[in-house]
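Report on the structure
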Amino acid sequence: MRGRLSAVDAFFVAYQAQAGILMSVGAEARLSGPADPADLLAVLDALRAHWPVLGCRLARGFVGLRWRPAFAAADLVRPLDSLDAWRNHPIDPFEEPPFQVAHLPTGLAFRAHHAALDGQALIVVTATLVRLLAARLGGQPAPPLPTGRPWRALAGPRALLAGARLRALFGYTRWLAREARAGRSARLALAAVAPGPQAVTTGAVPLAPVLARAHALGVSPAALGAAAWVRAIARFNAARLPSSGPISLEIPVSLRQGEADAGLLGNLISPLTVFADAAQALPEVATALHATLADARARRLHHAVPLFALPGAWLPWWLFRRVAVTPTSTGFATSHFTLLPPPGDLPADVEALSGGRLRLLGRGMWTPVCLAMGAALLAMPWGDALHLAVTHRLTGLDAPAAEALVALLAEELAA
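What follows deals with the side chain of Thr273. For Thr273, the location among the structural elements is in strand S9 (residues 269-276). Under the relative-accessibility criterion, Thr273 is labelled buried at 9%.

Have a look at this one:
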């Protein structure tokens, strides 16, 4: 287990403390069948042994922060009747385990501090947990646990510089700083920019037409989804704001390289910030975003932020807290867009491993929301549908406003 947090991991600890907003990723698995507490504890113990960080707490060192073993499997789980209050309670990684499980009447829910897991890692951990639980109930051998290269080998300076030009990376960070100061990005039409509880508003559209449309346009599904989000935000704002600037998105790009690195925890994603002209039709927006993202990835621009942040891991915590949270680091974009792949055919795996004793009926997910953005979109293919989850802060978007925004998004995707 790597002990010291990277500067990117530590940033999320500082951001939650400084801004008073939740820096948690979460998921829900709606299950039909028995989920015995003893079986759940046995599975959690296996996960904690494989990924020790799940049972750690943060400790302040002379420089930086470190994960220290602190919690048994029983400390990670609690029975609950309601999800909302638990989901909106901030995780204090100095006092609590960074990964927590709620045992609900409808199944299981999971949440993790963003300092320990990004969204991709959360999917891997929770899907592994559900598969292990199913195998245990069905009397089957436990499926193999994901493994990967060491974090430092994947996101060290040599790896981050491989295939990239230092001048291009430095230029990208300077551009980010200029845009943060300029404030060109449109703001989502929010009632207020203030801390507060989060909610998740969901929707879905048929998957096959979305994939067919992306193929016909010659763009990735991520570019098409991001374009639909840009158009939905612009239409939402047009009915509520007298004027608005260009729409910009933070779109995370994984530093992991396929299944070989699937088992790596931490924050091994880095966002690319892109601008779009929402006055154009969706095909033009999608084509432009696809080209911009392809060029940025080819030049490894998403390596810039984690590369130049590396020295921050060696700052004393009191100093890191003061310098890490800036308009550039907290995200000046209009919103955040993520398209995550599903963890294989999880419902079929659960049914087969459990011998039909356990069924996965549904899933949900939520993400952190930067203070100025107010809302973030997570899209995931699941079965025959593209599922949409907009996590939003209720101080900025109430339920009717969020539902209107999701309806516009679904309309853009289904047009």
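Quick look at the packing of helix H1 (residues 7-19) against helix H12 (residues 317-324) now. Interaxial distance between H1 and H12 falls to 9 Å at its minimum, and their mutual angle equals 75 degrees. One way to sum up the angle between H1 and H12 is to call them roughly perpendicular. The residues of H12 that touch H1, namely those facing Ala7, Ala10, Phe11, Val13, Ala14, Ala17 and Gln18, are Trp317, Phe320, Arg321 and Ala324. Here the contact of H1 with H12 is built from residues that sort into nine nonpolar, one polar and one charged.

Time to look at the packing of aromatic side chains. Pairs of aromatic rings are described using the distance from one ring centre to the other and the angle between the two planes. Counting across every chain of the model gives eight aromatic pairs. With centroids separated by 6.3 Å and ring planes inclined at 10 degrees, the aromatic side chains of Phe99 and Phe110 adopt a geometry described as stacked. You can see Phe99 sitting in strand S5 (residues 99-104) and its partner Phe110 sitting in strand S6 (residues 107-113), a full eleven residues away along the chain. Each member of the pair Phe99 and Phe110 is classed as buried. Taking the centre distance of 6.0 Å and the plane angle of 80 degrees together, the rings of Trp175 and Phe275 count as edge-to-face.

Let's shift gears to the sheet that holds strand S12 (residues 375-382). If you trace the six strands from one edge of the open sheet to the other, you get S7-S13-S12-S10-S8-S9, paired in mixed fashion. With one partner strand each, in any of the chains shown, strand S7 (198-206) and S9 form the two edges of the open sheet. Across the sheet, the axes of successive neighbouring strands diverge by a mean angle of 25 degrees, strand direction being ignored. When S7 meets strand S13 (residues 385-393), the two strands line up antiparallel, connected through nine bridges. When the bridges of S13 are listed, Ala199 appears paired with His392. Strand contacts of helix H8 (residues 207-217): S7, S12 and S13, with the helix running at about 75 degrees to S7, the strand carrying the most contacts.

What follows concerns a nonpolar patch on the surface. On the surface, Leu161, Leu166, Phe170 and Phe308 cluster together to form a nonpolar patch covering roughly 360 Å² of accessible area. Position of Phe308 relative to the elements: it lies in helix H11 (residues 304-309).

Along its 13 residues, H1 runs 18 Å from first to last C-alpha, staying within 8% of the 18 Å computed at 1.5 Å per residue. Burial analysis of H1 places ten of its 13 residues in the buried class, which makes it a mostly covered element. Considered for burial, the residues of H1 that qualify are Ala7, Asp9, Ala10, Phe11, Phe12, Val13, Ala14, Tyr15, Gln16 and Ala19. Next to the buried residues of H1 lie strand S2 (56-60), strand S3 (65-69), S6, H11 and H12. Remark: Gly20 follows H1 within two positions and exhibits a positive phi of approximately 70 degrees.

Bringing empty space enclosed by the protein into the picture now. Inspection of the entire model under this criterion finds three cavities of 30 Å³ or more. In this structure, the largest cavity occupies an estimated 170 Å³ of space. Secondary-structure elements contributing two or more residues to the lining of the largest cavity are strand S1 (24-32), helix H4 (119-138), strand S11 (359-366) and S12. Across the lining of the largest cavity, the residue classes break down as twelve nonpolar, two polar and two charged. As a volume, the second largest cavity reaches approximately 50 Å³. Lining the second largest cavity, in full, are Leu5, Ser6, Ala10, Gly64, Leu65, Gly312, Ala313, Leu315, Trp317 and Phe320. Looking at the lining of the second largest cavity, its residues break down into seven nonpolar, three polar and no charged.

To continue, consider the pattern of salt bridges. This model, assessed by the stated rule, comprises 14 salt bridges. Close ionic contact of Arg184 with Glu179 constitutes a salt bridge, the shortest N to O distance being 3.1 Å. On the accessibility criterion, Arg184 (41% relative accessible area) is partly exposed. Taken together, the shared-partner salt bridges connect Arg231, Arg235, Glu411 and Glu412 into one network.

Take the sheet that holds S6 next. If you walk across this open sheet you meet the five strands as S4-S5-S6-S1-S11, and the pairing is mixed. The open sheet has two edge strands with one neighbour each: strand S4 (77-79) and S11. Sheet twist, expressed as the mean angle between neighbouring strand axes with direction ignored, is 20 degrees. With seven bridges joining them, S1 and S6 adopt antiparallel strand pairing.

Reading guide: rules and limits
- For every chain, the first residue of its written sequence is number 1, and the numbers climb from 1 along that sequence.
- Whole-chain, interface and lining totals are the exception, using all residues; otherwise, since this is a predicted model, local features are given only for residues with pLDDT of at least 70 and side-chain atom pairs are given and counted only at 80 or more.
- Side-chain numbers come from the whole structure's heavy atoms, not from hydrogens or water.
- Comment: elements are numbered from the N terminus, with helices defined as DSSP H or I runs of at least four residues and strands as E runs of at least two.
- Buried, partly exposed and exposed residues are distinguished by accessible area as a fraction of the type maximum, computed with a 1.4 Å probe on protein chains only: under 20%, between the cut-offs, and over 50%, respectively.
- Lines fitted to C-alpha atoms define the axes, with helix axes restricted to the stretch in contact, and inter-axis angles between N-to-C directions lie between 0 and 180 degrees.
- Geometric relationships in this document are graded by angle, where less than 35 degrees denotes roughly parallel, more than 145 denotes roughly antiparallel, 65 to 115 denotes roughly perpendicular, and other angles denote oblique.
- A contact between two residues is defined here by any heavy atoms of the two lying within 4.5 Å.
- Three classes are used: nonpolar for Ala, Val, Leu, Ile, Met, Phe, Trp, Tyr, Cys and Pro, charged for Asp, Glu, Lys and Arg, and polar for all others, with Gly counted as polar.
- Centres within 6.5 Å make a pair out of two Phe, Tyr or Trp rings, where for Trp the six-membered ring is used; the pair is then stacked when the planes are under 30 degrees apart, edge-to-face when over 60, and tilted otherwise.
- A pair of strands is considered paired only if DSSP assigns at least 2 bridges between the two.
- Each patch is built from residues that are more than 30% exposed by relative accessible area and take part in no salt bridge. Like charges join if they lie within 9 Å; nonpolar side chains (Val, Leu, Ile, Met, Phe, Trp, Tyr) join within 5 Å.
- Here the Shrake-Rupley method, with its probe set to 1.4 Å, supplies the accessible areas, and only the displayed protein chains count as covering residues.
- Salt bridges are defined by distance alone: a side-chain nitrogen of Lys or Arg within 4 Å of a carboxyl oxygen of Asp or Glu.
- Here, expected helix span is obtained from the residue count minus one, scaled by 1.5 Å.
- Cavity: a set of points on a 1 Å grid over the protein atoms alone where a 1.4 Å probe fits but cannot get out. Pocket: an open set with protein on both sides within 12 Å along at least five of seven lines, its lining residues, like those of a cavity, having an atom within 4 Å of a point.
- Grid points are joined across faces, edges and corners, and a volume is the space filled by probe spheres set on the points.

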